[in-house]
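Structural overview for review
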Amino acid sequence: MVYKYYSPAVYNFNAIREKYFFFSKVAKLNDPFDTSYSLINSSKLINDMERMRRISPNAGNVINEYGTCSFSKRGNNKTLWALYAQSYEGFAIGFDENTFETMNMELGARVLYQEVQYVDEMIDCNNQDASFQLKNFFGGGEVETFQIRDCYSNDPKKLDALFIYMAFVKERKIWENEEEYRMFVAKDFLHRDIKGVAKMEKGYKIPMPKNAMKSIIMGHNMSKENKVELAGISKKMGLPLYETKPTTPFNIDIIDCHEFD
């Protein structure tokens, strides 16, 4: 199970009813260094690399249109309840991550899903000898190792590998407590009309895989009106309903909710 946190905004209730994920464009993320093409493009090495001299000058703008959707491994993460669920006024949905594997087939387009890797220091794009690893990048299931010098070569797949790596790596001291898993969509969703996918100014509405939702957790500060609405969604979909409960010392428990039975 992984969990996604939602504020009590009307559009988030609609997302659950209509069963879609919203993928924010990377240009709209709250960390300006997250998935930033500028970290690659600012490398001093590009002045010496033919591949980067030939790359489209519009590449950064294209990558800013890529979309990402975040989850967490825990449903009682206090940081995420505070930041993304409006201090327990919102809700969280538990998803079966095994269903995410079906999205590529259902959409006919590539959706990456991986656990975010936390590092003490981000890779230096100016160091030709620096290396990183990606699992299953070429679809074979193996761990692939890449060097910066190769990523600035004439092989566009290796440059893509560097960008994908940066999309799934964050600074440990700042972000590790989010325990994030991330979905990522790229060129397929920019250049094609995919059935069920809606392109918006700030991102993309993309259908959830079938039977992905497994539970609903209400924040204990949620309004009575929203609790009733969420309970109705839970009942209609046949999903178990839970509620957060503050406990001591400074913990949050998740309890069965029978108030609306």
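Data block above holds the structure.
Notes on the structure follow. Quick caveat: nothing in here was measured; it's all calculated off a predicted structure.

1. A short note on the overall build of the protein
Assigned secondary structure in the protein consists of eleven helices and 15 strands. Within the protein, the fraction of its 261 residues that count as buried is 45%. Nonlocal contacts in the protein, meaning residues at least 24 apart in sequence, comprise 73% of its contacts between residues at least 6 apart. With an accessible surface of roughly 13,900 Å², the protein has 48% of that area assigned to carbon and sulfur atoms.

2. Side note on the environment of Met166
Mapped onto the secondary structure, Met166 falls in helix H8 (residues 156-167). The class of Met166 is buried, set by a relative accessible area of 4%. As for Met166 and Met122, which are separated by 44 residues in sequence, their C-alpha atoms are 8.6 Å apart.

3. What about the packing of aromatic side chains?
Throughout the structure, instances matching the rule amount to 16 aromatic pairs. Their ring planes at 10° and their centres at 5.3 Å tell us that Trp81 and Tyr88 sit as a pair that is stacked. One exposure class covers both Trp81 and Tyr88, and it is buried. Considering the side-chain rings of Phe132 and Phe146, the 5.4 Å spacing of their centres and the 20° angle between planes classify their relative orientation as stacked. Here the residue Phe132 occupies a position in strand E7 (residues 131-135), and Phe146 occupies one in strand E8 (residues 143-147), the gap between them amounting to 14 residues. On the basis of relative accessibility, which here comes to 4%, the residue Phe146 falls in the buried class. Among the aromatic residues, those joined into a cluster by ring pairs are Phe21, Phe71, Phe95, Phe100, Tyr113 and Tyr181. Here Lys4 stacks its cationic end above the ring of Tyr6, 6.0 Å away from the centre of that ring. Looking at Lys4, its charged tip hangs above the ring of Phe71, at a distance of 5.4 Å from the centre.

4. Examining helix H11 (residues 224-237)
With 14 residues, H11 extends 20 Å between its outermost C-alpha atoms, agreeing within 8% with the 20 Å of an ideal straight helix rising 1.5 Å per residue. All of the buried residues in H11 are Asn226, Lys227, Leu230, Ala231, Ile233 and Ser234. Axial view of H11: buried residues confined to an arc of 160°, hence all on one face. Exposed and oriented more than 90 degrees from the buried face of H11 are Lys224, Glu225, Lys235 and Lys236. The inward-facing, buried residues of H11 contact helix H1 (10-18), strand E4 (91-95), strand E13 (213-218) and strand E14 (241-247).

5. Re the pattern of salt bridges
Within this structure, the stated rule accounts for eight salt bridges. Across the pair Glu115 and Lys73 runs a salt bridge whose closest N-O atoms are separated by 3.8 Å. Linking Glu115 in strand E5 (residues 112-115) with Lys73 in the loop between strand E3 (67-72) and helix H5 (78-84), this pair joins segments that are 42 residues apart in sequence. The shortest N-O distance in the salt bridge between Glu176 and Arg172 comes to 3.3 Å. Taking relative accessible area as the criterion, Glu176 reaches 35% and is therefore assigned partly exposed. You can call Arg172 partly exposed: its relative accessible area is 29%. Sharing partners across several salt bridges, the network here consists of Asp120, Arg172 and Glu176.

What counts and what doesn't
Residues numbered from 1 in each chain as written. Predicted model: local features only at pLDDT ≥ 70, side-chain atom pairs only at ≥ 80, totals over all residues. Heavy atoms only, no water. Helix = DSSP H or I, 4+ residues; strand = E, 2+ residues; numbered from the N terminus. Buried < 20%, exposed > 50% of the residue type's maximum accessible area, 1.4 Å probe, protein only. Contact = heavy atoms within 4.5 Å. Areas by Shrake-Rupley, 256 points an atom, 1.4 Å probe, with all protein chains shown as cover. Phe/Tyr/Trp six-rings, centres within 6.5 Å; stacked < 30°, edge-to-face > 60°. Lys NZ or Arg CZ within 6 Å of the ring centre and 35° of its normal. Expected span 1.5 Å × (residues − 1). Arc of directions from axis to C-beta. Salt bridge = Lys/Arg side-chain N within 4 Å of Asp/Glu carboxyl O.

These figures capture arrangement, not role.
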